[in-house]
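A closer look at the structure
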Amino acid sequence: MNLKSRYMGIIALVITLFISACEKAPEQITLEGKTMGTTYHIKYIDDGKIKDLPSPEKIQEELNTLLVDVNDQMSTYQKDSVISQFNSSKDINKPFPISKDFAKVIEEGIKLNKVTEGALDITIGRLVNLWGFGPDKRLNKEPTAEQIAEYAKSVGIDNIEISKDTNNQAFLIKKEPYVYIDLSSIAKGFGVDKLSEYFEQLNVANYLVEIGGEIRGKGKNLSGEYWRISIEKPEFAQGTTSQIIVPLHNLGMATSGNYRNYFEDENGNRLSHIIDPKILRPISHNLASVTVFADNTMKADGLATGLFVLGPQKALEIAEKEKLAIFLIIKTEQGYKTEMSSKFKKLIEQK
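Residues numbered from 1 in each chain as written. Predicted model: local features only at pLDDT ≥ 70, side-chain atom pairs only at ≥ 80, totals over all residues. Heavy atoms only, no water.

Focus on the overall build of the chain
The helix and strand inventory of the chain stands at 10 helices and 17 strands. Relative to all contacts within the chain whose residues are 6 or more apart in sequence, the contacts with residues 24 or more apart total 62%. Of the roughly 18200 Å² that the chain leaves accessible, carbon and sulfur atoms contribute 50%. (Helix = DSSP H or I, 4+ residues; strand = E, 2+ residues; numbered from the N terminus. Contact = heavy atoms within 4.5 Å. Areas by Shrake-Rupley, 256 points an atom, 1.4 Å probe, with all protein chains shown as cover.)

Some details on the pattern of salt bridges
Here the structure, examined in full by the defined rule, presents 15 salt bridges. One salt bridge in this structure joins lysine 58 and glutamate 61, with 3.9 Å as the shortest N-O distance. Taken as a pair, lysine 58 and glutamate 61 lie in helix H2 (residues 56-74) at a separation of three residues, close to a single helical turn. Using a relative accessible area of 47% as the deciding quantity, one classes glutamate 61 as partly exposed. Its salt-bridge partner being aspartate 193, residue arginine 216 comes within 2.8 Å of it at the nearest N-O pair. Pair noted here: arginine 216 is in strand S7 (residues 214-218) and aspartate 193 is in helix H7 (residues 187-201), with a separation of 23 residues, a long-range link. With respect to burial, arginine 216 and aspartate 193 carry one shared label: buried. Each of Lys58, Glu61 and Glu62 takes part in one network of salt bridges that share partners. (Salt bridge = Lys/Arg side-chain N within 4 Å of Asp/Glu carboxyl O. Buried < 20%, exposed > 50% of the residue type's maximum accessible area, 1.4 Å probe, protein only.)

A look at helix H4 (residues 100-115)
Taking 1.5 Å as the rise per residue, H4 with 16 residues should run 22 Å; its terminal C-alpha atoms sit 22 Å apart, in good agreement. Along H4, the positions that sit buried rather than exposed are Asp101, Phe102, Ala103, Val105, Ile106, Glu108, Gly109, Leu112, Asn113 and Val115. Trailing H4 by a residue or two, glutamate 117 shows a phi angle of about 55°, which is positive. (Expected span 1.5 Å × (residues − 1).)

Considering the side chain of serine 84
With respect to the helices and strands, the residue serine 84 is situated in helix H3 (residues 82-88). According to the relative accessible area criterion, serine 84 is buried, its value standing at 11%. Separated by 2.9 Å, the side chains of serine 84 and serine 81 make a polar contact. Residues in contact with serine 84, not counting those within four places in the same chain, are Ser75, Thr76, Gln78 and Lys79. (Polar contact = N/O pair within 3.5 Å; in protein donor to acceptor, adjacent residues only side chain to side chain.)

Digging into the sheet that holds strand S4 (residues 160-164)
Within the open sheet, the three strands sit side by side as S3-S5-S4. Their pairing is antiparallel. Two strands lie at the open edges of the sheet, namely strand S3 (96-98) and S4, each paired on one side alone. Strand-to-strand twist in this sheet, taken as the mean axis angle between neighbours without regard to direction, amounts to 35°. When S4 meets strand S5 (residues 170-174), the two strands line up antiparallel, connected through five bridges. For lysine 164, the partnering residue across the bridge sits in S5 and is alanine 170. Taken strand by strand, H4 contacts S3, S4 and S5, and its axis lies near 135° from that of S4. (Pairing = 2+ DSSP bridges. Axes fitted to C-alpha atoms, helices over the stretch in contact; angles between N-to-C directions.)

Observations concerning the packing of aromatic side chains
This model, assessed by the stated rule, comprises six aromatic pairs. Plain terms: the ring middles of tyrosine 198 and phenylalanine 199 are 5.9 Å apart, the flat faces sit at 70° to each other, and that makes the pair edge-to-face. A relative accessible area of 10% places tyrosine 198 in the buried class. You can call phenylalanine 199 buried: its relative accessible area is 0%. Relative to phenylalanine 344, the ring of phenylalanine 293 has its centre 5.7 Å away and its plane inclined at 45°; by these criteria the two rings are tilted. Residue phenylalanine 293 is located in strand S15 (residues 287-294), and its partner phenylalanine 344 is located in helix H10 (residues 342-349); the two are separated by 51 residues in the primary sequence. (Phe/Tyr/Trp six-rings, centres within 6.5 Å; stacked < 30°, edge-to-face > 60°.)

As for the sheet that holds strand S6 (residues 207-211)
In spatial order, the strands read S1-S2-S6-S7-S10-S15-S16-S17; together these eight strands make up an open sheet with antiparallel pairing. Of all the strands in the sheet, the pair left with one neighbour each is strand S1 (27-35) and strand S17 (335-340). Taking each pair of neighbouring strands and ignoring which way they run, the sheet shows an average axis angle of 10°. Here S15 pairs with strand S16 (residues 325-332) via six bridges, running antiparallel. Bridge pairing links valine 290 to leucine 328 in S16. Its contacts with the sheet put H10 on strand S10 (251-257), S15, S16 and S17, and the angle it makes with S16 is roughly 110°.

Things to note about helix H8 (residues 297-310)
Over its 14 residues, H8 runs 20 Å from end to end, which matches the ideal 20 Å to within 8%, given 1.5 Å per residue. Among the 14 residues in H8, 12 count as buried, and that is most of the element. For H8, the full list of buried residues reads Thr297, Met298, Ala300, Asp301, Gly302, Leu303, Ala304, Thr305, Gly306, Leu307, Phe308 and Val309. Structurally, the start of H8 carries an N-cap: the backbone nitrogen of methionine 298 is 3.3 Å from a side-chain oxygen of asparagine 296.

Thoughts on the environment of alanine 170
On the secondary structure map, alanine 170 appears in strand S5. For alanine 170, a relative accessible area of 3% puts it in the buried group. Setting aside residues no more than four positions away along its own chain, alanine 170 makes contact with Phe96, Pro97, Ile98, Ser99, Ala103, Ser163 and Lys164.

Structure representation (structure tokens):
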């Protein structure tokens, strides 16, 4: 090698080392806050390759704005929200204007009502309130049969209708004056998807978004592995360890169970916070929890509630029919046992 070639090689090496030194090492950013009466936790990887990626502070500001908007539209706990205005109106057959996001959630609720054979019903709101699980809490006293029958008149997916005009403006219509929509079974999942879409717009390839236990992940963590989620037993509040680990790659996950939210009636009976639209009462079967994985968290959220209402046998039957990935924890006299759908088995086999 002549002197010139050696000199050029040294220059190339110096340039390479300089470029490498200037490259930013991948960094995991963690954000957290409060929303929808619960908390959110977000992780994303900043690999230094995205030009003009906003600062973590700016990203969190934007995420909070998105979450406020979801609440302003779909929270029954806000008296001035769009859904509260719709619920308080007694006008029937009158188009009520709603946003594209609101329409998307309503349409998914109607769709999943069919998939779950009526078990997920977003018009269950009045009964939820009657049993004491809505915004207006009441004493732990079981409602009378007459009260239940009266409130049940406004329950049923056929009591609402959604339409769009020529400008693609969406409208929600009541067919019964006391219809009260409750999106708590699906809105958190939508919120997770909304934040995930924001990261997609930023071209962030690796992120994990969680709101109140509903999760969506894409890509890999800082160690180069797919995000992994642990599914815990119902008594996790007492410190039990996770039971199974699931890779979460471009999937949404939601869990529904009766171990978090319940009250005891005057006789000491534990009543689940989830109402069965068919019997008009809190569910009372032996399914402790159902975890659902789907291509988006809104779908997983709604399915988790609907399948939980149905109980273990029917939930598995629908999961096999619809090719759903679900994991069940079932109460037995000896403790707990688990069941899983065929698609879930394939999911946990992934590396």
